[in-house]
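# Geometric and topological summary
Single-letter residue listing:
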Amino acid sequence: MRRMAALVGTLAAVMAAPLAAETVAIRAGSVITDAAGDPTGPATIIVANGKIVSITPGHGAVVADREIDLASKTVLPGLIDLHTHLTGDPGGDFWKEATEPDEWGVVVGAKNALVTVRAGFTTVREAGSAQETAFVLRRGTAEGLVPGPRIVAAGPALSIIGGHADVNGFRPEVNELLDSGFTCTGEVECAAKVRLASQNGSDVIKITATGGVLSQQGRGLEAHFTPQEMKAIADTAHSLGLKVMAHAHGARGIQQAAEAGIDSIEHGTYLDEAAAKAMRANGTVLVPTLMALEGVSEGLGKGVYTPVVEDKIRAVQPLMASLVSRARQYGVTVVFGTDAGVFQHGRNAEELGLMRKQGMSDREVLASATTGAAKVLGMESQIGRLAPGYSADIIAVDGNPLADVTVLEDVDFVMVRGRVID
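Before going into details, it helps to say that this report is about the structure given with it. Keep in mind it's a predicted model, so treat the numbers as computed, not measured.

## Here we look at the pairing of strand β8 (residues 205–208)
Regular strands show a simple pattern: their side chains alternate between the two faces of the sheet. Burial along β8 is two-sided: the residues Ile 205 and Ile 207 and Lys 206 and Thr 208 are all buried. Of the strand pairs in this sheet, β8 and strand β9 (residues 244–248) are connected by four bridges, and their pairing is parallel. Each bridged residue has a counterpart across the sheet, and for Ile 205 the counterpart in β9 is Val 244.

Listed below in structure tokens is the structure:
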């Protein structure tokens, strides 16, 4: 046992060790440094200390400890998914929440982090999890103990009592036992819960501004928090330097969230003109998560969901087919996010084709998952493009995603923070 423990400790130390001593030269067939530009010809990217040092034309002689041959590939920035749930898998009986410990989410999350990063997603925003699971996973991927993407973690979502993200479907005493501690009523309590989330390590505040499709609550999908509660949440978060993402389906809930200063609307199913105008006026972006509906629809009639959830899925199906085009019609900025975890992790890139199907160009779609998503995270000077000083978050594919964004569904090479993912 001592020898095994020593071996595990040695392996952990090696994985966590910085890459400061190694300089890597990537020989690329062509490079897309930014979704706004065009592919270059052959180029060499030098990486050291987890960052890009230089990008130079051609494959001339360089001083490097290692070379990576991607001469037949298109090299571009790693993709960013603004809405994932790494610590959960799709389907399953809702009552397992009462039988499985939160710690199990870290095990599931480690599995899904690897699947996700291998699919080309080098940064994700974890949009709601149990108390510590996403934070633990965030540290594991940052230190190299767990292969996976950079994680921007929300932690537990703020909810009204009995709302989406609170516990539903159990006896009252079980609901109380499973309570996350992040429900709130009134402006003062909601502000306090934002401060608590910040204290506990949240990178972003997640709220459920309306009802949800997959919760065991049959009531509607309209606004849950009052406008005053939502404003208290947004103002408090912003005073702490944090952004707020709001799960929102119903149009009035979307509108109230935007008017309150919420930074992004997740899902946005029932978006109408008034809600869209409020989003545009307040600079609120839409994260459409089209793959969420795609994934849950695949489970209809198979006993995956309870009857109350199946009814809600069928009710929103017709609306998602036009969501992106509706948003763009009213001048709302659309950025990339999938809700992976509602469907199988690793299929994230299928969202790209769904966005294109609703009228976005290949270039616009790629930008939404790189520079656009980086800006939402406030990390536009670190990720989302390839440039000296930026994090070495690099992927490679066959073909040109600016001509056909669906080539990103098959990624051949991934590097995160200068670490190559096997």
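There's plenty left to go through after this.
## A short note on the side chain of Asp 362
Structurally, Asp 362 can be placed in helix α13 (residues 362–368). Judged by its relative accessible area of 13%, Asp 362 falls in the buried class. Within the structure, the side chain of Asp 362 is placed 2.8 Å from the backbone nitrogen of Val 405, a separation counted as a polar contact. If near-sequence neighbours (up to four positions away) are discounted, Asp 362 is found in contact with Arg 356, Pro 401, Leu 402, Ala 403, Asp 404 and Val 405.

## Focus on the packing of aromatic side chains
A full pass over the atoms with the stated rule returns one aromatic pair. Ring geometry for Phe 121 and Phe 336: centres 5.7 Å apart, planes at 20°, overall stacked. Residue Phe 121 is located in strand β6 (residues 121–126), and its partner Phe 336 is located in the loop between α11 (323–329) and α12 (350–357); the two are separated by 215 residues in the primary sequence. Take Phe 121 and Phe 336: they sit in the same class, and that class is buried.

## A look at the pattern of salt bridges
According to the stated counting rule, one finds 21 salt bridges in the structure shown. The residue Asp 235 makes a salt bridge to Lys 231 at a minimum N-O spacing of 2.6 Å. Of this pair, Asp 235 and Lys 231 both sit in helix α6 (residues 227–239), separated by four residues, roughly a single helical turn. Residue Glu 350 pairs with Arg 347 through a salt bridge whose shortest N-O separation is 2.9 Å. Among the ionic contacts, a cluster of salt bridges with common partners joins Lys 73, Asp 398 and Asp 412.

## Some thoughts on helix α8 (residues 273–282)
Among all positions in α8, only Ala 275, Ala 276, Ala 278 and Met 279 are buried. Along the long axis of α8, the arc covered by the buried residues comes to 160°, so they all point the same way. The residue sitting at the N-terminus of α8 and contributing the capping side-chain oxygen is Asp 272; that oxygen lies 3.4 Å from the backbone nitrogen of Ala 274. Following α8 by one or two positions, Gly 283 has its phi on the positive side, about 70°.

## Quick notes on the sheet that holds strand β7 (residues 150–153)
Strand order in the open sheet formed by three strands is β5-β6-β7, and the pairing between neighbours is parallel. Strands at the two margins of the open sheet, each flanked by one partner only, are β5 (79–84) and β7. Sheet twist, expressed as the average angle between the axes of neighbouring strands with direction ignored, equals 20°. Summarising the sheet, β6 and β7 pair through four bridges and their orientation is parallel. If you follow Glu 126 over to β7, its bridge partner there is Ala 153. Relative to β7, helix α3 (residues 133–142) is tilted by about 155°, and along the sheet it contacts β6 and β7.

What counts, and at which threshold
Residues numbered from 1 in each chain as written. Predicted model: local features only at pLDDT ≥ 70, side-chain atom pairs only at ≥ 80, totals over all residues. Heavy atoms only, no water. Buried < 20%, exposed > 50% of the residue type's maximum accessible area, 1.4 Å probe, protein only. Helix = DSSP H or I, 4+ residues; strand = E, 2+ residues; numbered from the N terminus. Pairing = 2+ DSSP bridges. Polar contact = N/O pair within 3.5 Å; in protein donor to acceptor, adjacent residues only side chain to side chain. Contact = heavy atoms within 4.5 Å. Phe/Tyr/Trp six-rings, centres within 6.5 Å; stacked < 30°, edge-to-face > 60°. Salt bridge = Lys/Arg side-chain N within 4 Å of Asp/Glu carboxyl O. Arc of directions from axis to C-beta. Axes fitted to C-alpha atoms, helices over the stretch in contact; angles between N-to-C directions.

Don't take any of this as a statement about function, it's just geometry.
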